[in-house]
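# Summary of structural features
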Amino acid sequence: MGKAKQIDRRWLFLLIFFGVAFPLIFTLGLPLETTKNVQMVYDLIDNMPKGSKALISFDYDPASMPELHPMAKAIVKHCFDKDINLIFTAMWPMGVQMADDIIYQLKDDYPDLEYGEDYVNLGFKAGGMITIQSMGKNFREVFPKDMNGNNIDELPIMEGINNFSNIGFVFSLSAGAPGIKEWVQIAHDAYGRPTSGGVTGVSAPAILPYVNEQQQLTGLLAGLKGAAEYEILLKAPGTAISGMDAQSAAHLIIIIFIIIGNVNYWRNKKAEKMGGK
Amino acid sequence: MKRKIPLLITFTVGIILIISEFIPHKPFGQLSGELEIWFLIISGFAILLGQLSLFKVNILKIKYKQRDWQFYTITLISFIIMVTLGFLWGTGKSAGMLGHGEAISSMLGYKPFDYLFHNIYQHLQATMFSLLAFFIASAAYRAFIGRTVESNLLLASAVLVMLGNTTLGSLLTGWLPESLNFLHLPKVSEFIMTFPTTAGQRAIMIGAGLGIIGSSLRIILGIERSYLGGE
Amino acid sequence: MEQFFATLGIWLGALFTFAIFSFLYKDNPFYKTAEQIFVGLSAGYWSVYTIFFILIPNLYEPLTQNFNANWIKLIPAILGIMMLLRLIPKIEWVSRFPLSIVIGTTSGVFFLRYLKSDVLNQLTATMINPFLGESWVIVIGKIMLIIGTICGVVYFYFSKKHIGALGVSAKIGIYFLMVSFGAAFGYTAMARISLLIGRLQFLLGDWLGIIQP
């Protein structure tokens, strides 16, 4: 038995490309089930009293948009449906544009939204954990103005916000550091605010230990699947659900690759043994 | 003095911040609050340092005509264009030196800085990272071999989680009766994530946390001095 | 005119997408050009945002609008300029002073926060009663959580040779770590594929109009 040939990886690339493209064009609409962690996030927002204020931190950039943007849209939509006022901030500079884009996408669904009353975008600050800790002591020192140059004292939504005390919950959409870990360590563990978040699939396993009896995190949305589950709970299908068929196809292709790789390996090993005898 | 004073500053600042956690009143609370704001401002300069350093490195590569120096010219041109547009007309609702540039914004649909971000930068970055999808598939084919008990566990866990995370998983085991619901792939995946994965990651977190605590103490006490660089 | 530039924008996005994808065939000048444009634009973006959102509102405006109340901000301003002197090799030692404040602050805060969040809270979260689960599956899971965490931490104790009881615990710890790495790979694969899905949604939806974006 000869040595099994290694396939040129460019053929694999082509297979992955078409394997992901076809289900996007010819959707199957396969069912998806929701999980406990996503339900916890949903319940946190659903049970917030009307008129509460929430802080949403956009800690990601365009590289993570496919996973985190659908989550952001669903979360912001849910908050607006529940009359929760939103304070946007960003620990990543591109996060500012991400927040702006979400509002742009939702402006037709919520034409009565007033900037400065229903939501505000405070912009980007560097410094990660240290800056978040500073926000917990003196919010207005860190954010003297919003991203449009308005004095923070003149914004009705910021009335009474001097630290994290009057914030109902903190939500971080996080692609890495600084991000959800820092928000957990400061907003929840130092200042006791309910904290939740959405992360990319890469970060999810490392952040899961914070979902525990201590409720360091109240639930977690993980990757595109987490976003799709939230869209199901919200009954607002979006790009996350439409991408899940393609996700399934790609995973199947990768698993087939793994099987073929293992079969090739064991065949080669057997051939070497027989060649040795 | 060039090393002793920075070490003393590190020690003083570190100790003030630790004490302020337990004594939040004057003067420690005020001092730590002030230090945190200084940190924010110095971080801003540190970011600028990074960008200027990039500028300097590229200038030197072009000056000495190193390999692919033509491409580094493109880097500099892109950098200068982006910074110039940002300063001239600002971004979003922030004004630049020439105001908001209403005329040019109405033509482009965005301010020039934002136009470049939305139509070029966003796509470049997203595509750059999407290349990893191809490489992970190729890596799975070449490197994911079950040779030992440990690698078999890794393989099994990866396959179960990948199946359970998709609609395919629901389809494959959706027919199972309620009594065998725990074998339903999405439930298996959720079990793997909630218990053994969390256990492993928690162990890593505790180990890393202890390491960071040790490193922080070493830095504050001046035992670790590598951040000062050479003489 | 706005419509023209909107369409041009989509075509530019598609062009740069394919320029980057061309790397999959082989390295080429189109990819290199796109890559360097990306680096340049990124650096420009960070510079503008740092100045507009940090240095102006947190330093320049407090100093210029109310110097008497904010004179102390001259100190971080001077330290920041000292940081920039790192670019000049002869006087780069001056940057050690602001660096020591940054390092000292970070060390102090990290010491406290990691101790509480990543050590104490995680240990507390492991001290659960496993027999309070809703079903036998949850009970088994919680027992695995406790054993896995303890054995995983034991594995990272390298001050003693892993033999005897310590060796067995460390071995169990490795098994749990391998399961967690496998799960991490599964999630990483999902994340990377999602990024490709995003690109294809743009190409097929916004650019070609074949699917609903």
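Refer to the structure printed above.
All of the points below concern the structure found in this document. (Residues numbered from 1 in each chain as written. Chains lettered and ligands numbered in written order. Predicted model: local features only at pLDDT ≥ 70, side-chain atom pairs only at ≥ 80, totals over all residues.)

### Brief notes about unusual backbone geometry
- Omega for the peptide link from Ala177 of chain A to Pro178 of chain A comes to -10 degrees, which places this bond in the cis form.
- Relative to the helices and strands, Pro178 of chain A resides in the loop between β4 (169–174) and α7 (180–188).
- Going from Lys26 of chain B to Pro27 of chain B, the amide bond is cis rather than trans, its omega being -10 degrees.
- The topology assignment puts Pro27 of chain B in the loop between α1 (4–22) and α2 (28–63).
- The phi angle at Asp83 of chain A is positive, at roughly 55 degrees, despite the residue not being glycine.
- Of note, Asp83 of chain A is situated in the loop between α3 (65–81) and β2 (85–90).
- Given 12 C-beta atoms within 10 Å, Asp83 of chain A falls into the exposed group.
- For Lys65 of chain B, which is not glycine, the phi torsion reads 45 degrees and is therefore positive.
- For Lys65 of chain B, a count of 8 C-beta atoms within 10 Å gives the class exposed. (Helix = DSSP H or I, 4+ residues; strand = E, 2+ residues; numbered from the N terminus. Buried ≥ 20, exposed ≤ 12 C-beta atoms within 10 Å, placed from the backbone.)

### Details of the sheet that holds strand β6 (residues 221–222) of chain A
Residues and elements named next belong to chain A.
- With parallel pairing, 6 strands are arranged side by side in an open sheet as β3-β2-β1-β4-β5-β6. The open sheet has two edge strands, β3 (119–124) and β6, and neither has a second partner.
- Bridge count between β2 and β3: 4 bridges; the pairing is parallel. Opposite Leu86, over in β3, you have Tyr119 as the bridge partner. (Pairing = 2+ DSSP bridges.)

### Thoughts on the interface of chain A and chain B
- Facing 49 residues of chain A, the contacting portion of chain B comprises 43 residues.
- Looking at the side of chain A that touches chain B, the element that brings in the most residues is helix α10 (residues 239–276) of chain A, giving 15 residues. (Contact = placed C-beta atoms within 7 Å.)

### Focus on the packing of α1 of chain B against α2 of chain B
Residue and element names in this part refer to chain B.
- Orientation of α1 relative to α2, taken along the N-to-C sense of each, is 125 degrees, at an axis distance of 9 Å. Considered as vectors, α1 and α2 are oriented oblique to each other. Read as a crossing pair, α1 and α2 show a hand that is left-handed. In this structure, α1 uses Val13, Ile16, Leu17, Ile19 and Ser20 to contact α2, whose residues at the interface are Phe28, Gly29, Leu31, Ser32 and Leu35.
- Looking at side-chain class alone, the contact of α1 with α2 contains 7 nonpolar, 3 polar and no charged residues. (Axes fitted to C-alpha atoms, helices over the stretch in contact; angles between N-to-C directions. Parallel < 35°, antiparallel > 145°, perpendicular 65-115°, else oblique. Left-handed = near helix turned anticlockwise from the far one by under 90°. Nonpolar A, V, L, I, M, F, W, Y, C, P; charged D, E, K, R; others polar.)

### Some remarks on the interface of chain B and chain C
- On the side of chain C, 99 residues touch chain B, which itself brings 104 residues to the contact.
- Among the secondary structure elements, those contributing two or more residues to the side of chain B that touches chain C are α1, α2, α3 (69–89), α4 (102–108), α5 (112–143), α6 (149–164) and α8 (185–220) of chain B.
- It is α8 of chain B that provides the largest number of residues to the side of chain B that touches chain C, a total of 24 residues.
- Residues belonging to the side of chain B that touches chain C are distributed by class as follows: 69 nonpolar, 28 polar and 7 charged.

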